[in-house]
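# Structure at a glance
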Amino acid sequence: HIHFVHYRGYGTSLKRRLEGRVCGRYGWHGGGLPCGGSAAYFPGFPAVFSKAMAGGHIHHASVIAWPASCGGRGTIVELAYGCSIEHQIRGDYNPRYR
């Protein structure tokens, strides 16, 4: 299923961290990202799921698109495996409901 959320808190800091890792760099970059994931930068707003499939197997993966990234020049596509970070990104995460 697909969600569109406004991010804040953790989502804001994660986007900044992703931009520091992938802006101006080619390819997929991992290490230290949520859920053992990876991320890549693409100019403009690409076909997100096509780009995600090029980054690895997306079965059981969360695919997160961060538009207006890298100074508004493009989109970061992030893959996260075996978990969901949707609630952390939008700022309403409550560990009591896990």
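Everything numeric in this text was worked out from a predicted model, so none of it was measured. (Residues numbered from 1 in each chain as written. Predicted model: local features only at pLDDT ≥ 70, side-chain atom pairs only at ≥ 80, totals over all residues. Heavy atoms only, no water.)

### Focus: the overall build of the protein
When you go through the protein residue by residue, the secondary structure sums to 3 helices and 4 strands. Helices and strands in the protein line up, N terminus first, as α-β-β-α-β-β-α. By the compact-globule yardstick of 13 Å for 98 residues, the protein fits well, its C-alpha radius of gyration being 13 Å. Based on the C-alpha atoms only, the size of the protein along its principal axes is roughly 40 × 30 × 25 Å. Evaluated residue by residue, the protein yields a buried proportion of 35% over its 98 residues. Once local pairs closer than 6 in sequence are excluded, the contacts in the protein between residues at least 24 apart make up 55%. For the protein, the accessible surface area stands at approximately 6,000 Å², while carbon and sulfur atoms represent 57% of it. In the protein, which carries 11 positive and 4 negative side-chain charges, the distance between the mean positions of the two groups comes to 5 Å. (Helix = DSSP H or I, 4+ residues; strand = E, 2+ residues; numbered from the N terminus. Rg over C-alpha atoms; globule rule 2.2 N^0.38 Å. Buried < 20%, exposed > 50% of the residue type's maximum accessible area, 1.4 Å probe, protein only. Contact = heavy atoms within 4.5 Å. Areas by Shrake-Rupley, 256 points an atom, 1.4 Å probe, with all protein chains shown as cover. Lys, Arg positive; Asp, Glu negative; His and termini not counted. Charge placed at Lys NZ, Arg CZ, Asp CG, Glu CD.)

### As for the nonpolar core
Where a protein is soluble and globular, its nonpolar side chains tend to be buried together. Counting 13 residues, the largest nonpolar core has Leu14, Leu18, Ala39, Ile64, Trp66, Ile76 and Ile89 as the members making the most contacts within it. Of all the secondary-structure elements, those providing two or more residues to this core are helix H1 (10-22), strand E2 (38-43), strand E3 (61-69) and strand E4 (74-81). Considering each element in turn, this core owes the most residues, 3 residues, to H1. Residues contacting Ile89, with those up to four places away along its chain left out, are Val5, His6, Tyr7, Arg8, Tyr10, Gly11, Leu14, Ile64 and Trp66. Counting 6 residues, the second-largest nonpolar core is a separate cluster that includes Phe42, Val48, Val77 and Leu79. (Core = buried A, V, L, I, M, F, W, Y, C linked by side-chain atoms within 4.5 Å.)

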